[in-house]
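What follows is each chain in one-letter form.
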Amino acid sequence: MSAISEPIVGTFQHAASSRIDTAKLCLDLDSDQIIVSDHLSDGVLQRQSYSNCSMSSRLPGVPMTLSFGDGASFTPADPDFSWPNSSKSSSFIYWLERKWLYGLLAIGLMIGFLTGMVKVAIPFAAVQVASVVPMTISQEMGQQSLSLLDQLYFEESELESDTMAQVQGNWDVLLKRLELPQEHYQLQFRSWHLGPNAMALADGTVVVTDSIVELMQDDLHLLDAILLHEIGHVEHRHSLQAVIRTTVTTVLYAIIFGDIEGAGEVVLGAGVGLVDLSFSREMEREADQFAYQHLLEIDRSSKDFAMALRKLKSAYPVTDSDDKKGWNYLQSHPDIDQRIEARPH
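These lines cover the structure that appears in this document, whether it is placed above or below. Treat the numbers as computed from the prediction; the structure is a model and nothing was measured.

Quick look at the packing of helix α6 (residues 220–235) against helix α10 (residues 281–297)
Contact geometry of α6 with α10 gives a least axis separation of 8 Å together with a crossing angle of 120 degrees. Here α6 is positioned oblique relative to α10, judged by the angle of their axes. Crossing of α6 over α10 shows right-handed handedness. Between α6, through Ala225, Leu228, His229, Ile231, Gly232, His233 and Glu235, and α10, the contact on the second element is made entirely by Met283, Glu284, Ala287, Asp288, Phe290, Ala291, His294 and Leu295. Among the residues forming the contact of α6 with α10, the class breakdown is eight nonpolar, four polar and three charged.

Section: the pattern of salt bridges
Counted by the stated rule, this structure contains eight salt bridges. Here Asp21 ties to Arg19 by a salt bridge, and the two come within 3.0 Å at their closest N and O atoms. What makes Arg19 partly exposed here is its relative accessible area of 48%. By sharing partners, the salt bridges in this structure join Asp224, Arg300 and Asp304 into a single network.

Observations regarding the nonpolar core
In terms of nonpolar packing, the biggest core is built from 39 residues, with Ile212, Val213, Leu223, Ile226 and Ile231 touching the most fellow members. Ranked by residues supplied to this core, first place goes to α6 with nine residues. Not counting chain neighbours up to four residues away, the residues in contact with Ile226 comprise Ala198, Ile212, Met216, Phe305, Ala308 and Leu312. In this structure, Leu25, Val36, Tyr50 and Cys53 belong to the second largest nonpolar core, which totals 15 residues.

Remarks on the sheet that holds strand β8 (residues 155–156)
Strand order in the open sheet formed by four strands is β8-β9-β11-β10, and the pairing between neighbours is mixed. Each end of this open sheet is capped by a strand with a single partner; those strands are β8 and β10 (198–200). In the sheet, strand β9 (residues 186–191) pairs with strand β11 (residues 205–209) via five bridges, with the strands oriented parallel. Bridged to Gln186 within β11 is Thr205.

Describing a negative patch on the surface
Taken together, the side chains of Glu155, Glu156, Glu158 and Glu214 make up a negatively charged region of the molecular surface. If you trace the backbone, Glu155 turns up in strand β8. By relative accessible area, Glu155 is classed as exposed at 55%.

Regarding the side chain of Ser302
By the element assignment, Ser302 lies in the loop between α10 and α11 (303–315). Polar contacts involving the side chain of Ser302 include one to the side chain of Arg343, which spans 3.2 Å. With near-sequence residues (within four places) excluded, Ser302 lies in contact with Tyr292, Leu295, Leu296, Arg343 and Pro344.

Looking at a nonpolar patch on the surface
Judged by side-chain polarity, Met110, Phe113, Tyr253, Ile256 and Phe257 come together as a nonpolar surface patch covering roughly 480 Å² of accessible area. Every element with two or more residues in the nonpolar patch is listed here: α2 (100–130) and α7 (238–257). Ranked by residues supplied to the nonpolar patch, first place goes to α7 with three residues. Assignment of secondary structure puts Tyr253 in helix α7.

Section: the environment of Pro7
Within the secondary structure, Pro7 sits in the segment before β1 (8–13). On the basis of relative accessible area, Pro7 is assigned to the partly exposed category, the value being 45%. Separated by 16 residues in sequence, Pro7 and Ala23 place their C-alpha atoms 9.5 Å apart. If we ignore the near neighbours within four places in the chain, the residues touching Pro7 are Lys24, Leu25 and Cys26.

Topic: the sheet that holds strand β6 (residues 66–67)
One open sheet holds the seven strands; their spatial order is β4-β3-β2-β1-β7-β6-β5, and the pairing between them is antiparallel. Lying at the two open borders of the sheet, with one neighbouring strand each, are β4 (44–49) and β5 (54–55). Two strands pair when backbone bridges link them, and β1 and strand β2 (residues 20–28) are joined in this way by six bridges, in the antiparallel orientation. Its bridge partner lying in β2, Gln13 is registered against Ile20.

The rules we used
- Residues numbered from 1 in each chain as written.
- Predicted model: local features only at pLDDT ≥ 70, side-chain atom pairs only at ≥ 80, totals over all residues.
- Heavy atoms only, no water.
- Axes fitted to C-alpha atoms, helices over the stretch in contact; angles between N-to-C directions.
- Helix = DSSP H or I, 4+ residues; strand = E, 2+ residues; numbered from the N terminus.
- Parallel < 35°, antiparallel > 145°, perpendicular 65-115°, else oblique.
- Left-handed = near helix turned anticlockwise from the far one by under 90°.
- Contact = heavy atoms within 4.5 Å.
- Nonpolar A, V, L, I, M, F, W, Y, C, P; charged D, E, K, R; others polar.
- Salt bridge = Lys/Arg side-chain N within 4 Å of Asp/Glu carboxyl O.
- Buried < 20%, exposed > 50% of the residue type's maximum accessible area, 1.4 Å probe, protein only.
- Core = buried A, V, L, I, M, F, W, Y, C linked by side-chain atoms within 4.5 Å.
- Pairing = 2+ DSSP bridges.
- Patch = residues over 30% accessible without salt bridge, like charges linked within 9 Å, V, L, I, M, F, W, Y side chains within 5 Å.
- Areas by Shrake-Rupley, 256 points an atom, 1.4 Å probe, with all protein chains shown as cover.
- Lys, Arg positive; Asp, Glu negative; His and termini not counted.
- Charge placed at Lys NZ, Arg CZ, Asp CG, Glu CD.
- Polar contact = N/O pair within 3.5 Å; in protein donor to acceptor, adjacent residues only side chain to side chain.

What follows is the structure in structure tokens.
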């Protein structure tokens, strides 16, 4: 004999209609049949196989609606009723939501997991992956980034040709003394309204703005120290690391919070996103140490980089009004006084 459940009282919404009737549902698990009938007249409203139905997630205080293949649905009057063979994961979530202490613990574990991934695991993996990325990808990323920077931010340099020639000559000597392949590096001059700056791109291109050259005009040897810092970014492949970190972190958040399509867009546009990417403070410190160490290797004083940093600090004053130009620069770099104190003596 079939085991038929006790009638379940609730409401029945007809398919493709706003009509709702008070109804009762009988479930026969042995024959996998559901019969929904009118609560008053006992007229059959729906008959269907239980295995072909779907049910809503179980949430505290919210009835689990059973949906039929034709679009009709039945909602139990009892908000705590659970359909037989409902998803175990749904039942676990329901239990977790009713136990708020365990819910808080789960949130804490998730925060700890994300923090560990973002602060430790992803940066470590980015270093490993960046070291094996083919040079062709770095070149493509660098060219794409410079093209976008030219479109969005940069203007053609207005420096005197003699000045550019002098800086270029110092750059060539620097590469030669460091025994770095000149074909992997190139120096670019650009005008930029946001003040003195230099930046390294993934393909070995180093861009210096007119204002940073003018700032170091009295002693261009100080500019060499800044260029060494940017070469440090290239040698450590910081641009690639930054892109990998940002992409993986964004995809991780997208998977956890459900925006898979957004994650795909991030992966496809990772190279473009490099334009707005700042190196981490850890990367800045690493590039600082590269500059300090290699200044000593070419018989120059590490004070050159310290003096160059002081000049940059004077060019980016942070006032009570939070000057945006200076604030943005200092926010993306470690404290300049700390960077100077890290100079080897």
